[in-house]
Amino acid sequence: MVVLLLFSGCTTGPRISSSYSNATNFRLFQTYALYKAELPTSITSGPAYTPLLDQQLKLAIESELVKAGLRPSEQTPDLLIAYDIILPERQATEPGTTVAPGFGYGYSYWYGYRYRYDVIGVPGYQTIKDLPAGTLVIDLIDATTNQLVWRGWHQAELNPTAVNDSDVNKAVANVMSRYPPVPQTTQ
């Protein structure tokens, strides 16, 4: 029994992390909209893209933002929302899958090039290609400056071709539980 208790104390759950700009006052953000991805004609949809998963992710993220006190606003958003699910390299290189050069393997590639926003000022920033496959990434961008102000990620081992509503909602809720960030204070 003691051995079981020791081993159960050593198990780890999913790794959920976030990073944010310390110079940002998150209380100023009241509204949001989804980041509009670029749509170059050379990029096509691949075997891992499903419109249903895209819709599930958008709905789950928007639900969590509303819970955090934000309202949708297509005309004048304070924040822009971008997201990715990192694909395994083998899945991203299957025939019919086109990935934008130099950007790694993100779910957003099925819409075009990786979003173009400034990431300076977010400590510990990692590119999409540096995160393990199956990681869900949610980025919040200041709409006025086009600057990344918050990134949350969940190494959930999500597989875009075999994920269900419950997995998506749980992963998004886990990531968004870190927003708005609570600055660490010295005591």
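Read on for a plain summary of the structure. Here the structure is a predicted model, which means the values were calculated and not measured.

Read from one edge of the open sheet, 6 strands run S1-S6-S5-S4-S2-S3, paired in mixed fashion. Each end of this open sheet is capped by a strand with a single partner; those strands are strand S1 (15-20) and strand S3 (71-72). Relative to S3, strand S2 (residues 31-34) runs parallel, the two being bridged by 2 bridges. Paired with Tyr32 across the strands is Pro72, a residue of S3. Across the face of the sheet, helix H2 (residues 51-67) comes into contact with S2, strand S4 (79-85) and strand S5 (135-142) while running at roughly 135° to S4. Sitting on the sheet, helix H4 (residues 165-176) is in contact with S1, S5 and strand S6 (147-155), with an inclination near 130° to S6.

Where H2 meets H4, the closest approach of the two axes is 9 Å, and the angle between their N-to-C directions is 40°. Crossing handedness for the pair H2 and H4: right-handed. Between H2 and H4, the contacting residues are Leu53, Gln56, Leu57, Ala60, Ile61, Glu64 and Leu65 on the first element and Asp165, Val168, Asn169, Val172, Ala173 and Met176 on the second. The class makeup of the residues in the contact of H2 with H4 is 9 nonpolar, 2 polar and 2 charged.

As a further point, take the nonpolar core. Core analysis: the biggest nonpolar cluster contains 28 residues, and Leu79, Ile81, Leu136, Ile138, Trp150, Val172 and Tyr179 have the highest contact counts within it. At the level of elements, S2, H2, S4, S5, S6 and H4 are the ones that each hand at least two residues to this core. The residues touching Leu136, leaving out its near neighbours within four places in the chain, are Leu57, Asp84, Ile85, Gly152, Trp153, His154, Leu158, Ala171, Val172 and Val175. With 8 residues, the next largest nonpolar core counts Leu80, Ala82, Ile141 and Leu148 among its residues.

The next thing to look at is the side chain of Gln56. Take Gln56: it is sitting in helix H2. In contact with Gln56, not counting residues within four places along its chain, are Asp165 and Val168.

This brings us to the pattern of salt bridges. Applying the stated rule across the entire model yields 3 salt bridges. Ionic pairing is found between Glu64 and Lys67, a salt bridge with its closest N-O pair at 3.2 Å. Taken as a pair, Glu64 and Lys67 lie in helix H2 at a separation of 3 residues, close to a single helical turn. Owing to a relative accessible area of 16%, Glu64 belongs among the buried residues under this scheme. According to the relative accessible area criterion, Lys67 is exposed, its value standing at 62%. As a salt-bridge pair, Asp139 and Arg151 come within 2.6 Å of each other at their nearest N and O atoms. Highlighted residues: Asp139 in strand S5 and Arg151 in strand S6, separated in sequence by 12 residues.

Cut-offs used in this document
- Residues numbered from 1 in each chain as written.
- Predicted model: local features only at pLDDT ≥ 70, side-chain atom pairs only at ≥ 80, totals over all residues.
- Heavy atoms only, no water.
- Pairing = 2+ DSSP bridges.
- Helix = DSSP H or I, 4+ residues; strand = E, 2+ residues; numbered from the N terminus.
- Contact = heavy atoms within 4.5 Å.
- Axes fitted to C-alpha atoms, helices over the stretch in contact; angles between N-to-C directions.
- Left-handed = near helix turned anticlockwise from the far one by under 90°.
- Nonpolar A, V, L, I, M, F, W, Y, C, P; charged D, E, K, R; others polar.
- Core = buried A, V, L, I, M, F, W, Y, C linked by side-chain atoms within 4.5 Å.
- Buried < 20%, exposed > 50% of the residue type's maximum accessible area, 1.4 Å probe, protein only.
- Salt bridge = Lys/Arg side-chain N within 4 Å of Asp/Glu carboxyl O.

By themselves, these observations are geometric and do not establish any function.
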